[in-house]
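# Architecture and fold: a report
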Amino acid sequence: MTGSKLKIIAIITMLIDHVGFGIVWRLPSIESSSIIYVAMRLIGRLAFPIFIFLLIEGFGHTRSKLKYAL
């Protein structure tokens, strides 16, 4: 799987997480412990490790570690 595909997956999972928090959680008919809300938040938690993986991969392949860190 390429880095671009991983970025797209991470972006989609982050979007699901934000929709779950920003929209679903605030609906008056859905409690914060509903299965939809919890599922969306769990799916969204996949974004962070994917982005960290891509960050570390990029750091390992860069010429200037200082510029990459900044």
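A tally of helices and strands in the protein yields four helices and zero strands. When the helices and strands of the protein are listed from N to C terminus, the series reads α-α-α-α. For 70 residues, the compact-globule estimate of 2.2 N^0.38 gives 11 Å, and the protein exceeds it by more than 25% at 16 Å. Summarising its shape, the C-alpha atoms of the protein cover approximately 55 × 25 × 15 Å along the three principal directions. Taking all 70 residues of the protein together, 21% fall into the buried category. Approximately 5600 Å² of the protein is accessible, and the part contributed by carbon and sulfur atoms is 72%.

On to the environment of Ile56. Within the element layout of this structure, Ile56 appears in helix H3 (residues 47-61). We classify Ile56 as exposed; its relative accessible area is 55%. It is 13 Å that separates the C-alpha atoms of Ile56 and Lys7, two residues lying 49 residues apart in sequence.

Next up on the list: the packing of helix H1 (residues 3-24) against helix H2 (residues 35-44). At a minimum axis separation of 7 Å, H1 and H2 run at an interaxial angle of 145°. Remark: the crossing between H1 and H2 carries left-handed chirality. Only Ile36, Tyr37, Met40, Arg41, Ile43 and Gly44 of H2 make contact with H1, whose side of the interface consists of Thr13, Ile16, Asp17, Val19, Gly20, Phe21 and Val24. Broken down by class, the residue content of the contact of H1 with H2 amounts to eight nonpolar, three polar and two charged.

So, how was this worked out
Throughout, residues of each chain are indexed from 1 in the direction in which the sequence is written. Local features in this predicted model are restricted to residues of pLDDT 70 or higher, and side-chain atom pairs are both shown and tallied only at a pLDDT of 80 or more, whereas totals for entire chains, interfaces and linings draw on every residue. Side-chain metrics in this entry use all non-hydrogen atoms of the structure; hydrogen atoms and water are not considered. Per the convention used, a helix needs a DSSP run of H or I reaching at least four residues, while a strand needs a run of E reaching at least two, with both numbered from the N terminus. We take the radius of gyration over the C-alpha atoms and set the globule estimate at 2.2 Å times the residue count to the 0.38 power. Relative accessibility under 20% of the residue-type maximum defines a buried residue, over 50% an exposed one, and the middle range a partly exposed one, all with a 1.4 Å probe and only protein chains included. The accessible surface values rely on the Shrake-Rupley method and a 1.4 Å probe; as for residues, cover is taken only from the protein chains in view. Axes here mean lines fitted to C-alpha atoms, for a helix over just the part in contact, with angles spanning 0 to 180 degrees between N-to-C directions. Left-handed describes a crossing whose near helix is turned anticlockwise from the far helix through less than a right angle; right-handed describes the clockwise counterpart. A contact between two residues is defined here by any heavy atoms of the two lying within 4.5 Å. The residue classification treats Ala, Val, Leu, Ile, Met, Phe, Trp, Tyr, Cys and Pro as nonpolar and Asp, Glu, Lys and Arg as charged. All others, Gly included, are polar.

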